Amino acid sequence: MATTFRPAAPAALQERVPAPPPAGSRPARPRPARPRLYALDGLRFLAAAGVVLYHFTARWSQVWGEEPGRVFPESGPVVTYAALGPELFFVISGFVILMTAWGRDVPHVVASRVARLFPSYWIAVAATSVLLLVIWPAGKDITVWEALVNLTMLQELFGVRHVDGVYWTLWAELRFYLLIVLLVAWGMTRRRILWFCALWPLVAQLALELGWSHVSTALVDSYAPLFAGGMLLYLLHREGHAKAPWLLLGLNVALAVHNVVPRQMHSLSTNTVFTPDPWVLGALVLGCFAAVGAVGLTRLQHLRWSWLAPLGAMTYPVYLIHEYWGWWVIDSLAAHANRWVVLAAACGVALALAWGIHQAEKRIGPRMRRRLERGLERWSRTAEPDGSARPDVRAPKAQPALARNV
């Protein structure tokens, strides 16, 4: 029978306590709630800032009138490596999503993820679609139909182009979230998490090597080791050092390097005027895990710079909105102003739009989350075989600060 989680006594600081685990399974041990990981907010924003600079100053586009790498020859060779921002996001996501799913049931995990992802995404898709359909059609030829399908976040599943190329990462995130929901439904224990992080990336890698496209797609393709590595880092952060998670982390780091380096060698050689160094790429992939590990396993976890929290909250909107709106600003100003002034204007517009999206998300997201939780809980109670209501396992309104690192 799958493990379920029930609310702990108030003295446990709102931590979830699992029911008795299945025979032979060691439950994930509950611990007191910990303060917010402010350094994680800063790390997320740095990753997003790197992606913005890569798109504006290194990645191929026509908005500068010539190759961006030739416009910024002094910074381009370095900024090119910021293209690994999504890989860092995936490691962070593995850490954070396991943290937020720990001790919760399926309705709360689903509601949390949907309310976190979709409000900002819908606004960004609408804003970018208006830009490309009305204001700047030369930026990209899209159709209203493509824009509408993009609102589902499932455009890759339907074979429809992304309105904005950066949305590709959300498809990977969605598949990872689905796997986490299945793990929560099965019942989280420490032992199951370790087996999951051991077998999932290996099976995904095998599917890739054998050309089983449907299986590899369902298992998040070659990005599985990045997410799994982040999960293992959170397990080490929560449970303390142990041999098994460290060995599995090493396995996932090796798989990640194996997958990311050749893919980025091809991508960066095609999309920039620079030729990346594979050894630097490999070191940076290792650095993605090291950076998250430093936040979760060293004194950085005790950093109390609260001003980093707003930067973390802005990360997702900045990532969603920056590319085409920034390119539009560059296209409009490049012939009339200094390159650094134009770059600052593009970044400023992206940040202003992201701030507006974040303000809207703060109002929409919590309401959506509460409604989804109530609806999913009602559905789950009616879905019980005997028709009986399940125990109320809703998280208290005052969430531990750590759980807000999303």
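Here, the structure is the one placed above.
Remember, it's a predicted structure, so these values are computed and weren't measured experimentally. (Residues numbered from 1 in each chain as written. Predicted model: local features only at pLDDT ≥ 70, side-chain atom pairs only at ≥ 80, totals over all residues. Heavy atoms only, no water.)

**What about the packing of aromatic side chains?**
As enumerated under the stated definition, the model contains 19 aromatic pairs in all. Plain terms: the ring middles of Phe176 and Tyr177 are 6.2 Å apart, the flat faces sit at 50° to each other, and that makes the pair tilted. You'll find Phe176 and Tyr177 in the same group, each marked buried. What links up through ring pairs into an aromatic cluster is the set Phe90, Trp168, Phe176, Tyr177, Phe196, Trp200, Tyr223 and Phe227. When the ring centre of Tyr177 is taken as origin, the NZ or CZ atom of Arg113, which lies over that ring, is 5.5 Å away. The ring of Trp186 carries the charged tip of Arg192 above its face, separated from the ring centre by 4.2 Å. (Phe/Tyr/Trp six-rings, centres within 6.5 Å; stacked < 30°, edge-to-face > 60°. Buried < 20%, exposed > 50% of the residue type's maximum accessible area, 1.4 Å probe, protein only. Lys NZ or Arg CZ within 6 Å of the ring centre and 35° of its normal.)

**A word on the side chain of Thr272**
Locating Thr272 in the fold gives a position in the loop between α11 (243–271) and α12 (278–297). Reaching out from Thr272, the side chain makes a polar contact with the backbone oxygen of Leu268 at a distance of 2.6 Å. Among the polar contacts made by the side chain of Thr272, one reaches the main-chain amide nitrogen of Phe274 at a distance of 3.1 Å. Filtering out sequence-adjacent residues up to four positions away, Thr272 remains in contact with Tyr54, Ala58, Arg59 and Thr80. (Helix = DSSP H or I, 4+ residues; strand = E, 2+ residues; numbered from the N terminus. Polar contact = N/O pair within 3.5 Å; in protein donor to acceptor, adjacent residues only side chain to side chain. Contact = heavy atoms within 4.5 Å.)

**Here we look at the pattern of salt bridges**
Within this structure, the stated rule accounts for seven salt bridges. A salt bridge links Glu74 to Arg339, with the shortest nitrogen-to-oxygen separation between them at 2.9 Å. Within this pair, whereas Glu74 is found in the loop between α2 (68–71) and α3 (76–79), its partner Arg339 is found in helix α14 (residues 339–382), the two being separated by 265 residues in sequence. Here Glu74 falls in the partly exposed class, since its relative accessible area comes to 48%. Exposure remark for Arg339: the relative accessible area of 24% places this residue in the partly exposed category. The partner of Glu373 in a salt bridge is Arg369, with the nearest N and O atoms 3.3 Å apart. You can see Glu373 and its partner Arg369 sitting in helix α14, four residues apart, about one turn around the helix. Residue classification places Arg369 among the partly exposed residues on the basis of a relative accessible area of 24%. (Salt bridge = Lys/Arg side-chain N within 4 Å of Asp/Glu carboxyl O.)

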